[in-house]
Amino acid sequence: MFRRTFWFGTGVAAGVWATTKVNRKLKQLTPESLAATAANKALDAGTRLKDRAVGFALDVRENMAQREAELDDALGLNAPVDGELPASRRRAAIENRTIENRSNPKSVVDVRTTHSYNRNEDH
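Please read all numbers here as calculations on a predicted model, not as lab measurements.

S.K.: Would you explain the overall build of the chain in this entry?
M.R.: When helices and strands are counted, the chain shows three helices and two strands. Listing every helix and strand of the chain by position from the N terminus yields α-α-α-β-β. Split into buried and exposed, the 123 residues of the chain put 2% on the buried side. Only carbon and sulfur atoms are counted for the fraction: they give 58% of the accessible area of the chain, which is about 11700 Å².

S.K.: Please explain a nonpolar patch on the surface as it appears in this structure.
M.R.: Taken together, Phe 8, Val 12 and Val 16 make up a surface patch of nonpolar side chains, about 310 Å² in accessible area. Relative to the elements of secondary structure, Val 12 occurs in helix H1 (residues 2-28). Residue classification places Val 12 among the partly exposed positions, given a relative accessible area of 43%.

S.K.: What exactly am I supposed to notice about the pattern of salt bridges here?
M.R.: Where charged atoms from two side chains of opposite charge come close, those side chains can pair. Within the structure shown, the criterion is met by one salt bridge. Residue Glu 70 pairs with Arg 67 through a salt bridge whose shortest N-O separation is 3.2 Å. Here Glu 70 and its partner Arg 67 are both found in helix H2 (residues 31-75), three residues apart, which amounts to about one turn of the helix. Classification of Glu 70 as partly exposed rests on a relative accessible area of 38%.

S.K.: Help me understand the packing of aromatic side chains in this model?
M.R.: Each aromatic ring pair is specified by the distance between its two centres and by the angle formed by the two planes. Overall, the coordinates contain one aromatic pair when judged by the stated rule. On the numbers, 5.1 Å between centres and 75 degrees between planes, the contact of Phe 6 with Trp 7 is edge-to-face. Residue classification places Phe 6 among the partly exposed positions, given a relative accessible area of 44%. Under the relative-accessibility criterion, Trp 7 is labelled exposed at 56%.

Procedures and definitions
Residues numbered from 1 in each chain as written. Predicted model: local features only at pLDDT ≥ 70, side-chain atom pairs only at ≥ 80, totals over all residues. Heavy atoms only, no water. Helix = DSSP H or I, 4+ residues; strand = E, 2+ residues; numbered from the N terminus. Buried < 20%, exposed > 50% of the residue type's maximum accessible area, 1.4 Å probe, protein only. Areas by Shrake-Rupley, 256 points an atom, 1.4 Å probe, with all protein chains shown as cover. Patch = residues over 30% accessible without salt bridge, like charges linked within 9 Å, V, L, I, M, F, W, Y side chains within 5 Å. Salt bridge = Lys/Arg side-chain N within 4 Å of Asp/Glu carboxyl O. Phe/Tyr/Trp six-rings, centres within 6.5 Å; stacked < 30°, edge-to-face > 60°.

What is shown is where atoms sit, not what they do.
Structure (structure tokens):
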């Protein structure tokens, strides 16, 4: 008798377990549940994509600043200005105006450029 009770209880437990598994799977396959799952996955993918794009933009900005510093060093733009140009030429170069040639006082050198170095300007 004990053996029959054991197998009856085991059968009942297996039936409850199988019924529960089947009901859970059926609830997961309803249209509302499928739509919610797809929406959650899309949101997760969008968040991951945004995080990667932000990380990429920060990497680009950091490397751009590093390369700009390297170019400034290579061109000598970070070097001290004192002693490189005479004061009158340095001032004229900074202000982008005409300067007088000291060896020939009647001549004037125009240091204004006709080319704009503004990369954001429309051409």
